[in-house]
Amino acid sequence: MYEQMGISPRVLAFADGVEQNLRERFDEIDRTAEYNQCKVLAAMQKHRVSEAHFTASTGYGYNDIGRDTLEDVYASVFHTEAALVRPQIVCGTQALALALASNLFPGDELFSPVGKPYDTLEEVIGIRDSMGSLKEYGVSYAQTDLLADGGFDWDGIREKIHENTKLAAIQRSKGYAARPTLSVARIGELIAFIKKIKPDILCMVDNCYGEFVERLEPSDVGADMVVGSLIKNPGGGLAPCGGYIAGRTDCVERAARRLTSPGLGREVGASLGVNASLYQGFFLAPTVTAGALKGAVYAANLYERLGFSVLPNGNESRHDIIQAIELGSPEKLIAFCSGIQAAAPVDSFVRPEPWDMPGYDSQVIMAAGAFVQGSSIELSADGPLKPPYSVFFQGGLTWYHAKYGILMSLQKLYESNLIEL
Ligand SMILES: *Cc1c(COP(=O)(O)O)cnc(C)c1O
């Protein structure tokens, strides 16, 4: 089939050699998925999920038991007191902005102990001046960078914490930065350290791309809130939109009141028929995440074998589903992305081209052929056209699709004589 689908025997033979060595890694990923599958299943059983929960509510959305029960299921899986899981939360950025804006007041300081946060949060916080930012509302911001080796700067963190420090935002995934992703265990150490200095600091973890990669979540190691997007891991590829905040009742309640209105809170918000997809997607999420993880490990090992620098490297333990590969030239970056695009179930016939995307200081190329627009739990790749010409690659609803996409990326590089096998 692979030959019929455009992969040359040379590419296949090379890739087979790499895959042989990954059995143990894949088994470990499967065992984590098995554990997490049980976790989700147990939560659904505990809350007696039934067909009645899949019906649509409209208008105000009063008495939407499907919505309320889904929030209980999320809270059980994340071991939190409460959760807000809503299609009205457009994306991860909104979920994070909501968690921050509802729990910070004028005069409070927001603190990142792990360096610069994800790009889209710069305007939320006001690192880049922006209308409606937290800065405009009188919330200040402080940051301590990670050390050069990726470690926490304990002294630097201690120095930045003071009387007004109200909330620490901890980003689990590296996003598009060149730093290691934080394991849940390391997040736990960081939270313990912060709380020892000032026990009432709220610790919020940006959990994007991290859900179900490990057996524990940041909420198991002391996070007061975990926040993420439903078009990444926890939506399992089926959620058409949405975001979540799981955590302490008071924090979640504040977020709900900011999302709808004081007095209304979580009581309103029509689910408009998406409940079934949110449940089913959450049910599938551990397996889908495992497939994406296998794809990331496979890509790391293939490209590492070819001599490219990859982050994380081929045998490092994984804490999110993102893989970065330094391709080193614009031609290679474009060829890689064309391969990912050509392998997609949707829009496989289009060729991605670099463009001047607003907010970036260089051209950017993006490849995605997704069922849900912008869904990055589906196989997707992107990268800025500037040195070192790194591609950031993630997702894959099934391991087989992730594998085919990576094979196709290699095929495109091989056909254009950009690599030798
Ligand atoms: C994806 C992501 C976000 C939010 O992104 P959206 O595109 O708004 O969903 C925030 N933080 C990290 C680390 C992310 O990966």
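As a starting point, this report considers the structure included with it.

What counts as what
- Residues numbered from 1 in each chain as written.
- Predicted model: local features only at pLDDT ≥ 70, side-chain atom pairs only at ≥ 80, totals over all residues.
- Heavy atoms only, no water.
- Pairing = 2+ DSSP bridges.
- Helix = DSSP H or I, 4+ residues; strand = E, 2+ residues; numbered from the N terminus.
- Axes fitted to C-alpha atoms, helices over the stretch in contact; angles between N-to-C directions.
- Contact = heavy atoms within 4.5 Å.
- Disulfide = S-S within 2.5 Å.
- Buried < 20%, exposed > 50% of the residue type's maximum accessible area, 1.4 Å probe, protein only.
- Patch = residues over 30% accessible without salt bridge, like charges linked within 9 Å, V, L, I, M, F, W, Y side chains within 5 Å.
- Areas by Shrake-Rupley, 256 points an atom, 1.4 Å probe, with all protein chains shown as cover.
- Salt bridge = Lys/Arg side-chain N within 4 Å of Asp/Glu carboxyl O.
- Near = heavy atom within 4 Å.
- Polar contact = N/O pair within 3.5 Å; in protein donor to acceptor, adjacent residues only side chain to side chain.
- Nonpolar A, V, L, I, M, F, W, Y, C, P; charged D, E, K, R; others polar.
- Lys, Arg positive; Asp, Glu negative; His and termini not counted.

### What to know about the sheet that holds strand β11 (residues 380-384)
So, step 1. Overall, antiparallel pairing links the five strands, which are arranged β8-β9-β12-β11-β10 in an open sheet. A single partner strand is all that each edge strand has here, and the edge strands are β8 (309-311) and β10 (364-368). Direction aside, neighbouring strands of the sheet carry axes that sit 15 degrees apart on average.
So, step 2. In this structure, strand β9 (residues 323-326) lies alongside strand β12 (residues 390-394), joined through four bridges in antiparallel fashion. Across the sheet, residue I325 finds its bridge partner in β12, namely V391.
So, step 3. Helix α9 (residues 275-305) rests against β8, β9 and β12 of the sheet, and its axis sits at about 15 degrees to β9.
So, step 4. On the sheet, helix α10 (residues 330-342) packs against β9, β10, β11 and β12 and is oriented at approximately 20 degrees with respect to β10.

### As for the state of the cysteines
So, step 1. A complete count under the given rule lists zero disulfides for this structure.
So, step 2. With no disulfide of its own, C241 has C91 as its nearest cysteine by sulfur position, at a separation of 10 Å.
So, step 3. A relative accessible area of 24% means that C241 is categorised as partly exposed.

### Considerations on a nonpolar patch on the surface
So, step 1. A cluster of nonpolar side chains, contributed by L41, L238, F283 and L284, occupies part of the molecular surface with about 270 Å² of accessible area.
So, step 2. The topology assignment puts F283 in helix α9.
So, step 3. Under the relative-accessibility criterion, F283 is labelled partly exposed at 30%.

### Some remarks on the environment of A324
So, step 1. Within the secondary structure, A324 sits in strand β9.
So, step 2. For A324, a relative accessible area of 8% gives the class buried.
So, step 3. C-alpha separation for the pair A324 and E267, spaced 57 residues apart in sequence, amounts to 42 Å.
So, step 4. Beyond its immediate chain neighbours, meaning those up to four positions away, A324 contacts S309, V310, L311, V391 and F392.

### Concerning the sheet that holds strand β5 (residues 202-206)
Sheet strands pair by backbone hydrogen bonding; their relative direction is either parallel or antiparallel.
So, step 1. Ordered by their spatial adjacency, seven strands build an open sheet running β1-β7-β6-β5-β4-β2-β3, and the pairing between neighbours is mixed. Edge strands, defined here as strands with exactly one partner in the open sheet, are β1 (82-86) and β3 (140-143). The mean angle between the axes of side-by-side strands here comes to 20 degrees, regardless of whether they run parallel or antiparallel.
So, step 2. The pairing of β1 with strand β7 (residues 243-247) spans five bridges and is classified as antiparallel. Looking at the pairing, V85 lines up with Y244 of β7.
So, step 3. Contacts from helix α8 (residues 249-259) reach β1, β5, β6 (225-229) and β7, with the element oriented near 30 degrees to β1.

### Considering the environment of P384
So, step 1. Structurally, P384 is set in strand β11.
So, step 2. The sequence separation of P384 and A168 amounts to 216 residues, and the corresponding C-alpha distance is 29 Å.
So, step 3. With residues near it in sequence (within four places) discarded, P384 still touches L333, S362, Q363, V364, Y389 and S390.

### Re the site of the ligand
So, step 1. Inspection of the region around the ligand gives C91, G92, T93, L96, Y118, Q171, D206, C208, Y209, S229 and K232 as its neighbouring residues.
So, step 2. Within the contact set of the ligand, a nitrogen atom lies 2.6 Å away from a side-chain nitrogen or oxygen of D206.
So, step 3. In the model, an oxygen atom of the ligand is placed 3.0 Å from a nitrogen or oxygen of the K232 side chain.
So, step 4. Considered on its own, the ligand offers 380 Å² of accessible surface; in the complex 89% of this is hidden by protein.
So, step 5. The element that contributes the greatest number of residues to the shell around the ligand is helix α4 (residues 92-103), accounting for three residues.
So, step 6. Class assignment of the residues belonging to the shell around the ligand gives a composition of five nonpolar, four polar and two charged.

### Notes on the side chain of K174
So, step 1. Within the secondary structure layout, K174 lies in the loop between β4 (165-171) and α7 (184-197).
So, step 2. Within the buried core, K174 has no salt-bridge partner, and the shortest N-O distance to an opposite charge, that of D320, equals 4.0 Å.
So, step 3. Excluding its chain neighbours within four sequence positions, the residues that come into contact with K174 are R179, P180, T181, L311, P312, D320 and I322.

### Here we look at the environment of M357
So, step 1. Mapping M357 onto the fold places it in the loop between α10 and β10.
So, step 2. Each C-alpha atom of the pair M357 and L98 lies 25 Å from the other, and the pair is 259 residues apart in sequence.
So, step 3. Residue contacts for M357: discarding those within four places in its chain leaves V364 and M366.

### Thoughts on unusual backbone geometry
So, step 1. Cis peptide bonds are those with omega within 30 degrees of zero, and the linkage from L311 to P312 qualifies with -5 degrees.
So, step 2. Turning to its location among the elements, P312 is positioned in the loop between β8 and β9.
So, step 3. Going from P387 to P388, the amide bond is cis rather than trans, its omega being 5 degrees.
So, step 4. For P388, the location among the structural elements is in the loop between β11 and β12.
So, step 5. Look at Y209: it is not a glycine, yet its phi comes out positive at around 75 degrees.
So, step 6. Summarising the element assignment, Y209 is placed in the loop between β5 and β6.
So, step 7. Judged by relative accessible area, Y209 falls into the buried class, the value being 4%.

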